[in-house]
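Remarks on the overall topology
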Amino acid sequence: MLALGWALAGITGAILLLAHVVNHVALDDRIGELQASAEQNVWSWAASMATLVAGLATLIYARSSRRPRRAWALGALLVFFALDDYVEIHENLGADVSEALSFPDYVGPRLWVVLYLPLVGAAAALLWSLAEELGGRARSRILAGAALLAAGYLLEAAGILTKRLEDRGVELPHALRAGLEESAELAGLIVLASALTAGMLGTPSERREEDDVADRVLPRQHHRKPVDSEA
């Protein structure tokens, strides 16, 4: 599962970026399905589904987690992010607040990166906690997926600057930023989904092995003679 997710993330992210750049440079953005930042296309669907898988895997794992409340909270947040991405709640909220505050057009829907900062921070903290609990390769992949998502988050914020350049007639930086942002986010979500799924699947057997080791070691410790502290 980890190997499949890693390979799929790299391939999908590269295809997304290449298709987006070719569509912008050679096709003048005529094909909406190839636009990285367009809504209701194959890329947005893939991102929503990867987020949903990550959330469902976490919710299933929560029943056997050592910290079930944190796992339930993380799973619920991820499912919310999946639904939010699908119906565009964060972008509409950012656009409405930006318009209400009379911010420039280049800020627009990107204001969501500030409005959602508490939710994003909570998700990051819960991911770190779950990664520490799962350990092993699942931990490293969860952190790698989170790092890719953080890169996408920062690139989204940078869109305020590149959009301003685009309004002044310099379009390429904004197009490249959008491709890199969506590529990093989709790759990060796939890595995260595969890591959480692998952690959910692998934990029961790992715990059984740990329990077997404990059963073999602890009885021996009980029969040890007490150490004379005055010896």
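Helix H6 (residues 117-134) packs onto helix H3 (residues 68-87) with a crossing angle of 135° between their chain directions and a minimal axis gap of 10 Å. Considering their axes alone, H3 and H6 lie oblique with respect to each other. Judged by the sense of rotation from one axis to the other, the crossing of H3 with H6 is left-handed. In contact with Arg70, Ala73, Leu74, Leu77, Phe80 and Phe81 of H3, H6 contributes Leu119, Ala122, Ala123, Leu126, Leu127, Ser129 and Leu130. Among the residues making up the contact of H3 with H6, the classes are represented as eleven nonpolar, one polar and one charged.

Taking 1.5 Å of rise per residue, twelve residues should cover 16 Å, and helix H4 (residues 89-100) covers 16 Å from first to last C-alpha, within 8% of that figure. Within the span of H4, buried status applies to His90, Gly94 and Ser98. Buried residues of H4, viewed axially, fall in a sector of 60°; they line one side. Pointing more than 90 degrees away from the buried face of H4 are the exposed residues Glu99 and Ala100. One or two positions beyond H4, positive phi appears at serine 102, with a value near 60°.

In a soluble, globular protein the nonpolar side chains are often hidden away together inside. Within the largest apolar cluster, 28 residues are counted, with the highest numbers of intra-cluster contacts made by Ile142 and Leu196. Those elements that provide at least two residues to this core are helix H2 (42-62), H3, helix H5 (112-115), H6, helix H7 (136-167) and helix H8 (172-222). Counting twelve residues, the second largest nonpolar core, distinct from the first, contains Leu16, Ala36, Ala47 and Ala187.

Taken over all residues, the pLDDT of the protein chain has a mean of 87, while the share at 70 or more is 87%. Per-residue pLDDT stays below 50 along residues 210-215; that stretch engages in one contact with residues further than four places along the chain or on separate chains. When the criterion is pLDDT under 50, residues 217-231 qualifies, and its contacts beyond four places in sequence or with other chains add up to one contact.

Remark: the centre distance and the inter-plane angle together describe each pair of aromatic rings, the angle taken between the planes. Considering all chains together, one arrives at three aromatic pairs under this definition. For the pair tryptophan 112 and tyrosine 116, a centre-to-centre distance of 5.9 Å together with 85° between the ring planes defines the contact as edge-to-face. With respect to class, tryptophan 112 is no different from tyrosine 116; both count as buried. Seen in terms of ring centroids, tryptophan 112 and tyrosine 153 are 5.7 Å apart; in terms of plane orientation they differ by 80°. Their pairing is edge-to-face. Remark: tyrosine 153 occurs in helix H7 and tryptophan 112 occurs in helix H5; sequence separation between them is 41 residues. On the accessibility criterion, tyrosine 153 (15% relative accessible area) is buried.

Closest axis-to-axis distance for the helix H1 (residues 2-25)/H7 pair is 11 Å, and the angle between their directions is 20°. With respect to each other, H1 and H7 are oriented roughly parallel. In this structure, the crossing between H1 and H7 has a hand that is left-handed. Here H1 contributes Leu2, Ala3 and Trp6 to the contact with H7, which in turn contributes Arg137, Ala138, Arg141 and Ala144.

Parameters at a glance
Residues numbered from 1 in each chain as written. Predicted model: local features only at pLDDT ≥ 70, side-chain atom pairs only at ≥ 80, totals over all residues. Heavy atoms only, no water. Axes fitted to C-alpha atoms, helices over the stretch in contact; angles between N-to-C directions. Helix = DSSP H or I, 4+ residues; strand = E, 2+ residues; numbered from the N terminus. Parallel < 35°, antiparallel > 145°, perpendicular 65-115°, else oblique. Left-handed = near helix turned anticlockwise from the far one by under 90°. Contact = heavy atoms within 4.5 Å. Nonpolar A, V, L, I, M, F, W, Y, C, P; charged D, E, K, R; others polar. Expected span 1.5 Å × (residues − 1). Buried < 20%, exposed > 50% of the residue type's maximum accessible area, 1.4 Å probe, protein only. Arc of directions from axis to C-beta. Core = buried A, V, L, I, M, F, W, Y, C linked by side-chain atoms within 4.5 Å. pLDDT = per-residue confidence, 0-100. Phe/Tyr/Trp six-rings, centres within 6.5 Å; stacked < 30°, edge-to-face > 60°.

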